[in-house]
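Residue-level listing of the chains:
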Amino acid sequence: MTGGLKDGETDEEFLHSPFIRKQGNIYKPNNKDMDNDSMSGMKTMQDVHTKEIDLVNRDPKHINDDVVKVDFEDVIAEPEGTYSFDGVWKASFTTFTVTKYWCYRLLTALVGIPLALVWGIFFAILSFIHIWAVVPCVKSYLIEIHCVSRVYSICVHTFCDPLFEAMGKCFSSIRISTTKGV
């Protein structure tokens, strides 16, 4: 069982429980729970802000697999017959790899946190608009269109059904026969 559930307990019992943070550093994997003895009588639900960060697998959903995996062999390659000196090839590989590694680290150190702030604000605004504007507007529209659809259905059944039924009876007695003349 995960999420602090004990045998026989369900998620429904935790819907209105207060959030209780776990002890320890949230950046270390395998964070230990608080003493089970002190928590035995309390029903807890894990706070989403105490989610542990995996420092080994930083792309668990593989969203950047096809985009930014660029290695030395993907950029620089020497076909047979046009090889440079082995030392130059090794130095080029080392220079490329180390430069890419440290430039990325420097850029993330300088720009990563401000961009994380910007993206956090952007997705918070997006969530706010979706929750407080889009969904209520769609629900309101569906409620209002339901009334309109009932009125429309009544009008169609009142005026169109008798008309088309009468036309169907008129045209039902028409017979068409074809003969071939030789």
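All chains use their own residue numbering, which begins from 1 and follows the written sequence. Side-chain atom pairs in this predicted model are given and counted only at pLDDT of 80 or more, local residue features only at pLDDT of at least 70, and totals for whole chains, interfaces and linings cover all residues. Here the side-chain values reflect all heavy atoms present in the structure, with hydrogen atoms and water set aside.

Chemist: Even after reading the chapter, I still don't get the UniProt feature "transmembrane region" (unreviewed entry) in the chain, so can you show me in this structure?
Modeler: UniProt positions are given in the numbering used here, feature names are shortened, and annotations may be inferred rather than shown by experiment. Following the UniProt record, the feature "transmembrane region" (unreviewed entry) maps to residues 106-133 here. Its end C-alpha atoms 40 Å apart, residues 106-133 is made of 100% helix and 0% strand. In this text, helices come from DSSP runs of H or I with a minimum length of four residues, and strands from runs of E with a minimum of two, each type numbered from the N-terminal end.

Chemist: Help me understand the layout of surface pockets, please; the structure alone is not making it clear to me.
Modeler: If you roll a probe as big as a water molecule over the atoms, it shows you where there is empty space left. Using a 1 Å grid laid over the protein atoms alone, points where a 1.4 Å probe fits but cannot get out form a cavity; open sets with protein on both sides within 12 Å along at least 5 of 7 lines form a pocket; any residue with an atom within 4 Å of a point counts as lining. Grid points are joined across faces, edges and corners, and a volume is the space filled by probe spheres set on the points. Of the voids in this model, the largest pocket is the one considered here, and its volume is about 1,000 Å³. Lining the largest pocket are 22 residues, and of these R58, N64, V68, Y104 and T108 lie nearest its centre. Ranked by residues supplied to the lining of the largest pocket, first place goes to helix α2 (residues 86-172) with 13 residues. In terms of residue class, the lining of the largest pocket is built from 12 nonpolar, four polar and six charged. Nonpolar residues are Ala, Val, Leu, Ile, Met, Phe, Trp, Tyr, Cys and Pro. Charged residues are Asp, Glu, Lys and Arg, and all others, Gly as well, are polar.

Chemist: Looking at this model, I keep getting lost on the packing of aromatic side chains. Mind explaining?
Modeler: Note on aromatic pairs: each is described by the distance of the centres and the angle between the planes. In this analysis, rings of Phe, Tyr and Trp, with Trp reduced to its six-membered ring, are considered paired at centre separations within 6.5 Å, and the interplanar angle assigns stacked below 30 degrees, edge-to-face beyond 60, and tilted for intermediate values. Considering all chains together, one arrives at seven aromatic pairs under this definition. Ring centres of Y101 and W102 lie 5.3 Å apart, and the angle between their planes is 85 degrees; this geometry places the pair in the edge-to-face category. When the ring of W119 is compared with that of F122, the centres are 5.5 Å apart and the planes differ by 90 degrees; the resulting orientation is edge-to-face. In this pair, W119 and F122 are both assigned in helix α2, three residues apart and thus about one turn of the helix distant.

Chemist: Help me understand the confidence of the model for the chain, please; the structure alone is not making it clear to me.
Modeler: Mean pLDDT over the chain stands at 79; residues scoring 70 or higher make up 73%. The predictor's confidence in any single residue is recorded as pLDDT, a number from 0 to 100. A contact between two residues is defined here by any heavy atoms of the two lying within 4.5 Å. When the criterion is pLDDT under 50, residues 1-5 qualifies, and its contacts beyond four places in sequence or with other chains add up to seven contacts. Under a pLDDT of 50 for its full length, residues 11-25 has, in the predicted model, 33 contacts with residues more than four places off or in other chains.

Chemist: Would you mind showing me how to read unusual backbone geometry here?
Modeler: Note: most residues except glycine have negative phi, and most peptide bonds are trans. Although it is not a glycine, H62 adopts a positive phi angle of roughly 55 degrees. Relative to the elements of secondary structure, H62 occurs in the segment before α1 (72-75).

Chemist: I keep staring at α2 and nothing clicks. Help me out?
Modeler: Expected helix span is given by 1.5 Å per residue-to-residue step, counting one fewer step than there are residues. With 87 residues, α2 should reach 129 Å at 1.5 Å per residue; the first-to-last C-alpha distance of 92 Å falls well below that figure. Considering bend angle alone, the principal kink of α2 is centred on V111 and spans about 50 degrees; proline P114 follows within four residues of it. By definition, a residue's bend is the angle between the axes fitted to the seven residues ending there and the seven starting there.

Chemist: Help me understand the pattern of salt bridges in this model?
Modeler: Once their charged atoms are close, side chains differing in charge can pair, the charge on each being opposite to the other. Here a salt bridge means any side-chain nitrogen of Lys or Arg lying within 4 Å of a carboxyl oxygen belonging to Asp or Glu. The final tally for this structure, using the stated rule, is one salt bridge. Here E165 makes a salt bridge to K169, at a shortest N to O gap of 4.0 Å. With E165 and K169 both in helix α2 and four residues apart, the pair spans about one turn of that helix. Note on classification: 1.4 Å probe, protein chains only; a residue is buried when its accessible area is under 20% of the maximum for its type, exposed when over 50%, partly exposed between these limits. Classification of K169 as exposed rests on a relative accessible area of 60%.

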